[in-house]
Amino acid sequence: MRRLLALVVVLWAAALGRDAADDWIDRTELPVLVHATSPEIRDRDGRLLRAYTVSDGRWRMALSLDQVDPLFFDMLIAYEDRRFPDHPGVDAIATARAVWQGLRAGRIVSGASTLTMQVARLLEEGTTGAWSGKLRQVRLALALERRLSKPQILQLYLEHAPYGGNLEGLRAATLAWFGKEPSRLTPAEAALLVALPQAPEARRPDRHPQAARDARDRVLARMQRAGVIDGDTARAALRDPSPEARHDFPLIAPHLADRALALGPGRHDLTIDRGLQQSLERLATDYMAGRDRRLSMALVVADHRSGEVLASVGSPAYSETRGQGFVDMTRALRSPGSTLKPLVYGLAFDRGLAHPETLIADTPVQFGTYAPRNFDGQFRGELRVSRALQLSLNIPVVRLTEAMGPAHLMAALETAGLHPELPGGQPGLAVSLGGVGLTLWDMVTLYAGLANGGEARDLRWLADAPDTAPARLMSARSAWQVGHILAGLPPPPQAGPPGRVAYKTGTSYGHRDAWALGWDGRYVAGVWIGRPDGTPVPGAFGGEIAAPLLFEALGRARATPEPLPAPPPDTLLVSNAMLPAPLQRFGRDSASEPSLTVTFPPDGAALIAGGEGVPVKLRGGVPPFTLLADGEVVATRLRGGELVAPVRGPGFTTLSVIDATGQSGRVSIELR
């Protein structure tokens, strides 16, 4: 009877103890289980471009179990906690063995910490030395096992295990020590990753490489004994080199990554192609090497069919201070110089003001107080519109701007999705020559619209950004005509045959900005070179320093050339003589105005040099007249039919007279 009563008491006490233990475990307050992970910027294929540390300066990278090589889990469980799948958080067998060994030896011989107990310590950043700390880990481990699944506990280990310095979690470790993701690991790499968390500072490969290697080798030996790897694999792994320095975390597309980070924490996927981005970053660095270190540059490449940005380089060196490399020059407001001229011509074609074969006057002209001049100070008389665009002449494009109104040009910029800023608030004729603030991003957007048959859309750089509806900038016919003219420009030396790329260069006033923008059948690109502070760069011309970089960038964007499109069916492909009369010459009705003819001296005449100059007699034309000798203006605001050209010779001379409507007459003479 006493024995039965004792048994009842024991069972009752055990039940009370069990209930008390259950209550003790259930009342455990769990620490925060979800911690911030490093913000990540990824490319279009999910590859890492850039990551940022969390608020306390640690690298803690998001990682899921299916992104880890299974070999790591096999080694981790076999080495740290082989009964992990079965125990409730505390391994009773390992604990009993550790106690027995400790009693026999009089010191701690082996530990009994389970993976769950290690997770408990990591979550609370506690220690294992004091009994109170160990008891807290036991309690928390038991509570974690009750509330989380085994995969969830492993997930916490992957995120928080220490790997030396400010590296926390497996993914940060593989990126720092191996320069790779943890999805595929060699046996040597997996063994090192198992060994490091046991003594992350004492075994840091960059500070204690031999200690790290020895610890790795011990893991490999034990894995062979446990049957996780065979002997041949273990021996081969022992010969693998062990890392002795940290790899830098990826720093690709840093300016665009900063722009994405400003949208908020977490992961941001971009439309960037990492391979192309890295190639163009190296190209930019190499291209600017040896130049003035105060210079910067920017480069954008996009698919003009989809509007997706494939590469964006904001400066040649992100950390360069003299060139303000931290400034993203793709978004800096600059004067676009002559790169707006293709838009003006395309709009003029669309409005029926001109045709590529239309003749237009490159002669002195004044609009109120504004008298535009060409970059070289020369005048070329009457020439075709297509040639005026190829030569990037200022006077013809200002004439077209005046005819359609600068407000219409500004409206077209806004239709294309650009954000122009006017220095004075009101658009003037100088807008067409670059008198407006625009960014490289804006200009690539505009040229993408020209390349895409006159349909402009916003450039997309976030992978999940909705595609915007295209806006009609001009007809496909007019856009093709502009592209056809620009494709006729000779490319830079060693840039391949002409006709593959339609491009335009530009240089802003004072040589502050050098530009080159262009496209082929699929890709559009833009290059800017200058100083971020706007200081002039003497001798910097877009055609000389920006165009070669443009062609190289487009060449790297494609494996084979993408041909430019064929003309739309409604394109008028005729000579000047076959154009309707109003389109044959811009700015006047030739039938209602008297034609201008030089009646003296006759063309090809030989005259005796001397006196005040050469007498010139005219018939017809509308005064005032401008007189040029060999393309240089020698007299203006002349009236009457008899003029004197101040040319004294000797030698051959070409005399040209241009009237107020743009008509011209020309003779070549010899002075003896």
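For the structure itself, consult the block above.
To keep things clear, this report deals only with the structure shown in the data block. (Residues numbered from 1 in each chain as written. Predicted model: local features only at pLDDT ≥ 70, side-chain atom pairs only at ≥ 80, totals over all residues. Heavy atoms only, no water.)

## Details of the overall build of the protein
To keep things clear, this is the line we draw: Helix and strand definitions here come from DSSP, where helices need a minimum of 4 consecutive H or I residues and strands a minimum of 2 consecutive E residues; each element is numbered from the N-terminal end. Here the radius of gyration uses the C-alpha set of atoms, whereas the globule reference equals 2.2 Å times the residue count to the power 0.38. Remark: exposure states derive from per-residue accessible area (1.4 Å probe, protein chains only) relative to the maximum for the residue type, with buried under 20%, exposed over 50%, and partly exposed in between. It only takes one pair of heavy atoms within 4.5 Å for two residues to be counted as in contact. All accessibility values rest on the Shrake-Rupley procedure with a 1.4 Å probe; residue burial counts only the protein chains present in the view. When charges are counted, Lys and Arg are positive and Asp and Glu negative, with His and the chain ends excluded. To locate a charge, the coordinates of NZ of Lys, CZ of Arg, CG of Asp or CD of Glu are taken.
Helix and strand counts for the protein come out as 20 helices and 22 strands. A compact globule built from 672 residues would reach a C-alpha radius of gyration of about 26 Å, whereas the protein, at 38 Å, exceeds it by more than 25%. The buried share of the protein, reckoned over its 672 residues, is 51%. Long-range contacts, defined here as pairs at least 24 residues apart, represent 68% of the contacts in the protein between residues at least 6 apart. Of the accessible surface of the protein, which amounts to about 30800 Å², a share of 53% is contributed by carbon and sulfur atoms. On the protein, the mean spot of the 74 positive side-chain charges and the mean spot of the 71 negative ones are 4 Å from each other.

## Let's talk about the nonpolar core
What counts, and what does not: Nine residue types can take part in a nonpolar core, namely buried Ala, Val, Leu, Ile, Met, Phe, Trp, Tyr and Cys, and a core is a set of them joined through side-chain atoms within 4.5 Å.
The biggest cluster of nonpolar side chains holds 104 residues, and the ones touching the most others in it are Leu270, Leu280, Val301, Leu343, Leu446 and Ile529. The contact partners of leucine 270, leaving out residues within four places of it in the chain, are Ile41, Arg42, Asp43, Arg44, Leu49, Leu256, Ala260, Trp461, Leu462 and Ala463. One finds Leu156, Tyr157, Leu175 and Ala195 within the second-largest nonpolar core, a separate group that totals 56 residues.

## Description of the packing of helix H13 (residues 341-350) against helix H18 (residues 476-487)
Heads up, the rule is: Every axis corresponds to a line fitted to the C-alpha atoms, with the helix fit spanning only the stretch in contact, and the corresponding angles, defined between N-to-C directions, vary from 0 to 180 degrees. Angles below 35 degrees are treated as roughly parallel, those above 145 as roughly antiparallel, those between 65 and 115 as roughly perpendicular, and all remaining angles as oblique. By convention, the crossing between two helices is left-handed when the near helix turns anticlockwise from the far helix through less than a right angle, and right-handed when the turn is clockwise.
Here H13 crosses H18 at 135 degrees, and the two axes come no closer than 8 Å. By the angle between their axes, H13 is oblique relative to H18. Judged by the twist between their axes, the crossing of H13 over H18 is right-handed. Between H13 and H18, the residues in contact are Pro342, Tyr345, Gly346, Phe349 and Asp350 and Arg477, Ser478, Gln481, Val482, Ile485 and Leu486, respectively.

## Re the pattern of salt bridges
Two side chains bearing opposite charge may form a pair once their charged atoms approach each other closely. Heads up, the rule is: Just to be clear on terms, a salt bridge is a Lys or Arg side-chain nitrogen sitting within 4 Å of an Asp or Glu carboxyl oxygen.
For the structure shown, the criterion picks out 33 salt bridges. Here glutamate 168 makes a salt bridge to arginine 58, at a shortest N to O gap of 2.4 Å. Linking glutamate 168 in strand S4 (residues 167-168) with arginine 58 in the loop between strand S2 (48-51) and strand S3 (59-60), this pair joins segments that are 110 residues apart in sequence. Taking relative accessible area as the criterion, glutamate 168 reaches 8% and is therefore assigned buried. Notably, a salt bridge pairs arginine 380 with aspartate 362, separated by 4.0 Å at the nearest N-O pair.

## Remarks on the sheet that holds strand S1 (residues 40-42)
Inclusion rule: A strand pair is defined by DSSP finding two or more bridges across the two strands.
Taken in spatial order, the three strands of this open sheet run S2-S1-S5, and their pairing is mixed. The outermost strands of the open sheet, each flanked by one partner alone, are S2 and strand S5 (267-269). Taking the axes of each pair of neighbouring strands and ignoring which way they run, one obtains an average angle of 20 degrees across the sheet. The sheet contact formed by S1 and S5 spans three bridges and is parallel. Its bridge partner being in S5, isoleucine 41 is matched across the sheet by histidine 268.

## Quick look at the packing of H13 against helix H15 (residues 394-404)
For the pair H13 and H15, the least separation of the axes is 10 Å and the interaxial angle reads 50 degrees. In terms of their interaxial angle, H13 and H15 are classed as oblique. The two elements H13 and H15 meet at a crossing, and its hand is left-handed. Residues Lys341, Val344, Tyr345, Leu347 and Ala348 of H13 form the contact with H15, whose participating residues are Asn394, Pro396, Val397, Leu400, Thr401 and Met404.

## Let's talk about the packing of aromatic side chains
Cut-off, in case you're wondering: In this scheme Phe, Tyr and Trp rings, the latter by its six-membered ring, pair at centre separations within 6.5 Å, and the angle between planes marks the pair as stacked below 30 degrees, edge-to-face above 60, and tilted otherwise.
Counted according to the given criterion, the structure contains five aromatic pairs. Where phenylalanine 375 meets phenylalanine 541, the ring centres are 5.8 Å apart and the plane angle is 75 degrees; that geometry is what we call edge-to-face. Of this pair, phenylalanine 375 sits in the loop between strand S8 (359-362) and strand S9 (381-384) while phenylalanine 541 is found in the loop between strand S14 (523-530) and helix H19 (542-557), placing the two residues 166 residues apart along the sequence. Between the aromatic rings of tyrosine 447 and tryptophan 519, the centroid separation amounts to 5.9 Å while the plane-to-plane angle is 70 degrees, which identifies the pairing as edge-to-face.

## Some thoughts on the sheet that holds strand S21 (residues 651-658)
The five strands lie next to each other as S16-S22-S21-S18-S19, forming an open sheet whose pairing is mixed. Among the strands making up the open sheet, the edge pair consists of strand S16 (606-607) and strand S19 (632-638). Where strand S18 (residues 625-629) lies against S19, four bridges are found, and the strand directions are antiparallel. Within the sheet, the bridge partner assigned to leucine 627 lies in S19 and is alanine 635.

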